[in-house]
Amino acid sequence: DARVTQTPRHKVTEMGQEVTMRCQPILGHNTVFWYRQTMMQGLELLAYFRNRAPLDDSGMPKDRFSAEMPDATLATLKIQPSEPRDSAVYFCASGAGQGFKQYFGPGTRLTVT
Amino acid sequence: AQSVTQLDSQVPVFEEAPVELRCNYSSSVSVYLFWYVQYPNQGLQLLLKYLSGSTLVKGINGFEAEFNKSQTSFHLRKPSVHISDTAEYFCAVSALAGGGADGLTFGKGTHLIIQP
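Note that the coordinates shown come from a computational prediction; the quantities given were computed from them, not determined experimentally.

**Considering the overall build of chain B**
So, point 1. The helix and strand tally for chain B stands at 0 helices and 14 strands.
So, point 2. Along chain B, helices (α) and strands (β) appear in the sequence β-β-β-β-β-β-β-β-β-β-β-β-β-β when read from the amino end.
So, point 3. What you see for chain B is a C-alpha radius of gyration of 14 Å, in line with the 13 Å of a compact globule of 116 residues.
So, point 4. Dimensions of chain B along its principal axes, counting C-alpha atoms only, are 45 × 30 × 20 Å.
So, point 5. Within chain B, buried positions represent 47% of all 116 residues.
So, point 6. Within chain B, contacts between residues at least 6 apart in sequence are counted, and of these 56% link residues at least 24 apart.
So, point 7. Only carbon and sulfur atoms are counted for the fraction: they give 51% of the accessible area of chain B, which is about 5,400 Å².
So, point 8. For chain B, the centre of its 7 positive side-chain charges and the centre of its 9 negative side-chain charges are spaced 7 Å apart.

Below you can see the structure in the form of structure tokens.
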């Protein structure tokens with residue numbers, strides 16, 4: 001049963017530290033999405049890639065967030081420096097073809113103190 | 001840009017009763033519609049989607065939804081709920097971009113509470 005994997009599942013860090021979250025999409029999926037879930041804002045799209053090319057990152061705070069796909073099996077989301085308001089659950093999702101069916105990973109729960 | 005409104009933040013229902021979770025959307029372009037379910041401390045799972053064709057779509061776990069273009073709605077229904085249906089339900093829309101789906105725009109979610 002193919003799944004999207006995310007690491008780490010939980011991360012607690014201090015304000016100002018760099019945080020890197022990793023996502024392994026389902027093999028063969030060519031579209032990868034990053035979402036953030038908070039109580040206040042709900043689920044928000046941060047960025048997405050198709051065939052490893054970034055298509056939209058308008059949902060990301062540009063000064064501190066960056067998303068990359070170094071290869072087809074790995075997507076990364078970095079926050080530098082982290083702030084308490086970044087505390088959230090970050091989900092990665094992948095899709096094949098046109099990507100209308102997205103498969104979500106279990107999420108990374110980030111706490112910034 | 002698109003937006004999604006889920007009219008109820010919480011819906012309590014007795015077990016084996018029917019339920020409807022309401023969703024309305026707004027968009028300046030044609031969109032595709034989805035319902036996702038999230039169980040506690042888990043990721044999201046697709047319940048059903050509407051891309052084209054019949055406006056009544058059936059999904060997993062006995063759920064169905066009807067697309068109504070004139071009312072810009074996509075309400076989710078189940079004729080008889082079970083305790084295991086207790087979860088958060090999200091309505092979402094997506095448009096075409098870059099040769100495929102762009103990211104999902106989600107509603108705020110509806111917490112379905114099943115009472116025994």
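**Thoughts on the environment of A88(A)**
All names here are of chain A.
So, point 1. In this fold, A88 is placed in strand β9 (residues 88-95).
So, point 2. Along the chain, A88 and R109 lie 21 residues apart, while their C-alpha atoms are 6.0 Å from each other.
So, point 3. Apart from the residues lying within four places of it in its own chain, the contact partners of A88 are R36, Q37, T38, T108, R109 and L110.

**Description of the pattern of salt bridges**
So, point 1. A complete count under the given rule lists 10 salt bridges over all chains for this structure.
So, point 2. For E83(A), the salt bridge identified is with R85(A), shortest N-O distance 2.5 Å.
So, point 3. By relative accessible area, which is 23% here, E83(A) ends up partly exposed.
So, point 4. As a salt-bridge pair, E64(B) and K58(B) come within 2.8 Å of each other at their nearest N and O atoms.
So, point 5. Three or more residues joined by partner-sharing salt bridges are found here, namely R64(A), E83(A), R85(A) and D86(A).

**Here's the deal with the interface of chain B and chain A**
So, point 1. Contacts between the two partners involve 23 residues from chain B and, on the opposite side, 22 residues from chain A.
So, point 2. Inspection of the chain B/chain A interface yields 0 salt bridges.
So, point 3. Taken together, the connections running from chain B to chain A amount to 3 residue pairs in polar contact (both at pLDDT 80 or more).
So, point 4. Where the side of chain B that touches chain A is concerned, the elements lending two or more residues are β5 (32-38), β6 (44-50), β10 (87-94), β11 (96-97) and β12 (100-101) of chain B.
So, point 5. Considering each element in turn, the side of chain B that touches chain A owes the most residues, 4 residues, to β5(B).
So, point 6. Here the residues of the side of chain B that touches chain A are counted per class, giving 12 nonpolar, 9 polar and 2 charged.

**As for the packing of aromatic side chains**
Centre distance and the angle of the planes are the two values used to describe a pair of aromatic rings.
So, point 1. By the definition in use, this model includes 13 aromatic pairs over all chains.
So, point 2. Judged by centre distance (5.4 Å) and plane angle (75 degrees), the ring pair of F104(A) and Y36(B) falls under edge-to-face. With one member in each of two chains, F104(A) in strand β10 (residues 103-104) and Y36(B) in strand β5 form a pair that bridges those chains.
So, point 3. Here F104(A) falls in the buried class, since its relative accessible area comes to 11%.

**Here's the deal with the nonpolar core**
So, point 1. W35(B), L48(B), F74(B), L76(B) and Y89(B) are the most contacted members of the largest nonpolar core, which totals 29 residues.
So, point 2. Among the secondary structure elements, those contributing two or more residues to this core are β2 (10-14), β3 (19-21), β5, β6, β8 (64-68), β9 (73-78), β10 and β14 (110-115) of chain B.
So, point 3. Excluding residues within four positions of it along the chain, Y89(B) makes contact with Q6(B), L21(B), W35(B), Y36(B), V37(B), L47(B), F63(B), L76(B), G109(B), T110(B) and L112(B).
So, point 4. Counting residues in hydrophobic clusters, the runner-up holds 22 residues, among them C23(A), I26(A), W34(A) and A67(A).

Conventions and cut-offs
Along each chain, residue indices are assigned from 1 in the same order as the chain's sequence is written. To read the labels, note that chains go from A and ligands from 1, taken in the order they are written. Totals for whole chains, interfaces and linings use every residue, but because this is a predicted model, local features are given only for residues with pLDDT of at least 70 and side-chain atom pairs only at 80 or more, for both listing and counting. Water and hydrogen atoms play no part in the side-chain values, which are based on all heavy atoms of the structure. For the purposes of this entry, the term helix denotes a DSSP run of H or I that reaches at least four residues, the term strand denotes a run of E that reaches at least two, and both are numbered from the N terminus. Restricting the calculation to C-alpha atoms gives the radius of gyration, and the globule rule supplies 2.2 Å times the number of residues raised to the power 0.38. Relative accessibility decides the category of a residue: with a 1.4 Å probe and only protein chains considered, values under 20% of the type maximum give buried, values over 50% give exposed, and everything between is partly exposed. What makes two residues a contact is simply this: any of their non-hydrogen atoms within 4.5 Å. The Shrake-Rupley method, run with a 1.4 Å probe, gives the accessible areas here. Residue values count only the displayed protein chains as cover. His is not counted, nor are the chain ends, whereas Lys and Arg count as positive and Asp and Glu as negative. To locate a charge, the coordinates of NZ of Lys, CZ of Arg, CG of Asp or CD of Glu are taken. The working definition used for a salt bridge is a side-chain nitrogen of Lys or Arg within 4 Å of a carboxyl oxygen of Asp or Glu. Within 3.5 Å is the distance limit for a polar contact, defined as a pair of N or O atoms, with the added protein rule that one can donate a hydrogen and the other accept it, and that residues adjacent in sequence qualify only through two side-chain atoms. In this classification, the charged set is Asp, Glu, Lys and Arg, the nonpolar set is Ala, Val, Leu, Ile, Met, Phe, Trp, Tyr, Cys and Pro, and all remaining amino acids, among them Gly, are polar. Stacked, tilted and edge-to-face pairs are distinguished by plane angle, under 30 degrees for stacked and over 60 for edge-to-face with tilted covering the rest, among Phe, Tyr and Trp rings (Trp via its six-membered ring) whose centres lie within 6.5 Å. What makes a nonpolar core is a set of buried Ala, Val, Leu, Ile, Met, Phe, Trp, Tyr and Cys residues whose side-chain atoms join them at distances within 4.5 Å.

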